[in-house]
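Geometric and topological summary
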Amino acid sequence: MRDLRDRDKKHLWHPLTQHKISPDMLPIVSAKGCILKDDRGNEYIDAISSWYTSVYGHCNELITERVAAQMKNLDQVVFSGFTHQPAIELSEALIEVLPAGQEKLFFNDNGSTATEIGIKMALQYHHNLGNDRKKMLAFEEGFHGDTFGAMSVSGLSVYNGAFEDHFIEVERIPVPTGKNNHEVIEQLKMLLSQNNIAGFIYEPLVQGAAAMKFHDAEGLNEILKICRKNEVILVADEVMTGFGKTGKYFASDYIEEKPDVVCMSKALTAGLLPMGLTSCSAKIYDAFYSDEIAKGLFHGHTYTANPLACAAALAGLNILRSSEIQDSIREISEKNTAFAERLSKNKKVKNARSIGVIMAFELDVETDRYGSLRNELFKYFMDNGVFLRPLGNTIYIVPPYVISKDEIERVYSVIESSLSEF
Ligand SMILES: *Cc1c(COP(=O)(O)O)cnc(C)c1O
């Protein structure tokens, strides 16, 4: 088994990794519930649900059984010209939990393409209506994925430098913090007066990749209202926040003004298979519905609406809607709130915050340590049996909804003990 570590290096190129300065990749050989097991038998509590996907636990029996049954009946078929029961059932079940006004679902493969399609819907909506609106609006530090459109609307980062010349046109505003709402709204109104913005893409309430940055719900609501008044299409990127993370089905459920478009992935398929979805209101769909072929949305991925991924999503949704899971989301939320309060009393902790199962805080340490600090923290947590991925000096958790009392207490206590180490 030892040699998995060496064999990995021969042909594999890992994501978000500068291999020259990165440690070896850790082989994970199995996963069950909240536990990941490595090739030497060490166990780790998956306190970030493997990038916010495996919220019902790894290798969940109900989900794997449903997918296995689907696999024996219909594995894959073209979704252009054909349809199938798993996609139809999923659409019916999802519409019931999506924010009000969502009517149509467009399938894709992952979170980046889900937002890419959301951007296309906004741009082509105005194109089809004959409006000259070619720009997108986005929050300064947003993250929407790694394809070109998604990269364009994401906050400019050092990682995207090689591609910036090829980006679509984007205007940016800061997130409303409650304190700056007035300035943000003024800036927004100035931008909108140009009459050239097609859509606004935003992560509602929590910006994941910006290190679990929270913003003001009232401020966001105000922005959305003004955008809607100016016929700017509202594209909610719920790839991270969707499916219960914030304590409601979608973060948009906290906000009065509802999106025109919702982008989904990650927990959509319960961490079992890759899939993305972009839903939209009848208003958007109707702008593409025409006798003219060119007015259609000509975007399609080969594995669109893969029946196995649909079966996983449908099983996941059934679990999410059960009172058992809703209760445990509530319990984790309460525990997180109490933990954030306890942490706030520590001098090394800044800005401890929580919403739903998401809890985060900043370690108040010397700025010049940020680079290596992240790696040291990661190693400390792993050595203590907890899988966390700190971002800079931000430590955050997004535990699976099925995490046990003992497991979450263990996560908290390892985080607390890290405070005296760093
Ligand atoms: C992860 C993420 C994406 C990109 O999803 P991928 O499946 O990794 O392409 C887009 N938006 C948000 C908010 C995300 O968290």
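Worth saying up front: this structure is predicted, and the values here are computed from it rather than measured.

Quick notes on the rules
- Per chain, residues are indexed from 1 in the order of the written sequence.
- Owing to the predicted nature of the model, reporting of local features is limited to residues with pLDDT of at least 70; listing and counting of side-chain atom pairs is limited to 80 or more, with chain, interface and lining totals taken over all residues.
- Side-chain measures were taken over the full set of non-hydrogen atoms in the model, leaving aside hydrogen atoms and water.
- Helix and strand definitions follow DSSP, with helices as H or I runs of at least four residues and strands as E runs of at least two, each counted in order from the N terminus.
- Three labels apply to residues, based on accessible area from a 1.4 Å probe with only protein chains included: buried if under 20% of the type maximum, exposed if over 50%, partly exposed otherwise in between.
- Residues are labelled near a given molecule or strand when at least one of their non-hydrogen atoms is within 4 Å of it.
- Under the rule applied, a polar contact is a pair of N or O atoms within 3.5 Å (in protein, one hydrogen donor and one hydrogen acceptor; residues adjacent in sequence only if both atoms are side-chain atoms).
- Values of accessible area rely on a 1.4 Å probe in the Shrake-Rupley scheme; residue burial ignores everything except the protein chains shown.
- Here the term charged refers only to Asp, Glu, Lys and Arg, the term nonpolar to Ala, Val, Leu, Ile, Met, Phe, Trp, Tyr, Cys and Pro, and the term polar to all other amino acids, Gly among them.
- Pairing of aromatic rings covers Phe, Tyr and Trp, the last counted by its six-membered ring, and requires centre-to-centre distances within 6.5 Å; plane angles under 30 degrees mean stacked, over 60 mean edge-to-face, and any other angle means tilted.
- UniProt positions are given in the numbering used here, feature names are shortened, and annotations may be inferred rather than shown by experiment.
- The salt bridge criterion pairs a side-chain nitrogen of Lys or Arg with a carboxyl oxygen of Asp or Glu, the two atoms within 4 Å.

With respect to the secondary-structure elements, aspartate 3 resides in the segment before α1 (4-11). Given a relative accessible area of 36%, aspartate 3 falls into the partly exposed group. For the pair formed by aspartate 3 and proline 27, sequence separation is 24 residues and the distance between their alpha carbons is 9.8 Å.

Here we take up the site of the ligand. Around the ligand lies a shell formed by Asn110, Gly111, Ser112, Phe143, His144, Gly145, Glu203, Asp237, Val239, Met240 and Lys266. In the environment of the ligand, an oxygen atom lies 2.8 Å from a nitrogen or oxygen atom belonging to the backbone of glycine 111. Measuring from an oxygen atom of the ligand, one finds a side-chain N or O atom of lysine 266 at 2.7 Å. Here the ligand, which alone exposes 380 Å², has 81% of that area covered by the protein. Classifying every residue of the shell around the ligand gives 3 nonpolar, 5 polar and 3 charged.

Tallying each qualifying case throughout the model produces 12 aromatic pairs. Seen from their ring centres, phenylalanine 339 and tyrosine 412 are 4.1 Å apart, and the 20 degrees between their planes marks the pair as stacked. Pair noted here: phenylalanine 339 is in helix α11 (residues 323-344) and tyrosine 412 is in helix α13 (residues 405-421), with a separation of 73 residues, a long-range link. Phenylalanine 339 sits in the buried class, given a relative accessible area of 1%.

This part is about the UniProt feature "binding site: substrate" (unreviewed entry) in the chain. According to UniProt, the "binding site: substrate" (unreviewed entry) feature falls on Trp51, Lys266, Gly300 and Arg389. On the basis of their most widely separated C-alpha atoms, the annotated residues across 339 residues do not gather in one place, lying as much as 33.3 Å apart. With respect to the secondary-structure elements, lysine 266 resides in the loop between β11 (261-264) and β12 (276-281). Relative to the elements of secondary structure, glycine 300 occurs in the loop between α9 (282-288) and α10 (307-320). Looking at glycine 300, the relative accessible area reads 63%, which means it is exposed.

With that out of the way, let us pick up the pattern of salt bridges. For the structure on display, the rule yields 16 salt bridges. Linking lysine 213 and glutamate 141 is a salt bridge whose minimum nitrogen-to-oxygen distance equals 2.1 Å. Placement of the pair is lysine 213 in strand β9 (residues 213-214) and glutamate 141 in the loop between β5 (135-139) and α6 (148-153), with a sequence separation of 72 residues. On the accessibility criterion, lysine 213 (28% relative accessible area) is partly exposed. Accessibility expressed as a relative area gives 41% for glutamate 141, which makes it partly exposed. Residue aspartate 364 pairs with lysine 350 through a salt bridge whose shortest N-O separation is 3.9 Å. Of this pair, aspartate 364 sits in the loop between β14 (358-363) and α12 (370-383) while lysine 350 sits in strand β13 (residues 349-355), placing them 14 residues apart in sequence. With relative accessibility at 37%, the residue lysine 350 sits in the partly exposed group. Each of Arg228, Glu257 and Asp260 takes part in one network of salt bridges that share partners.

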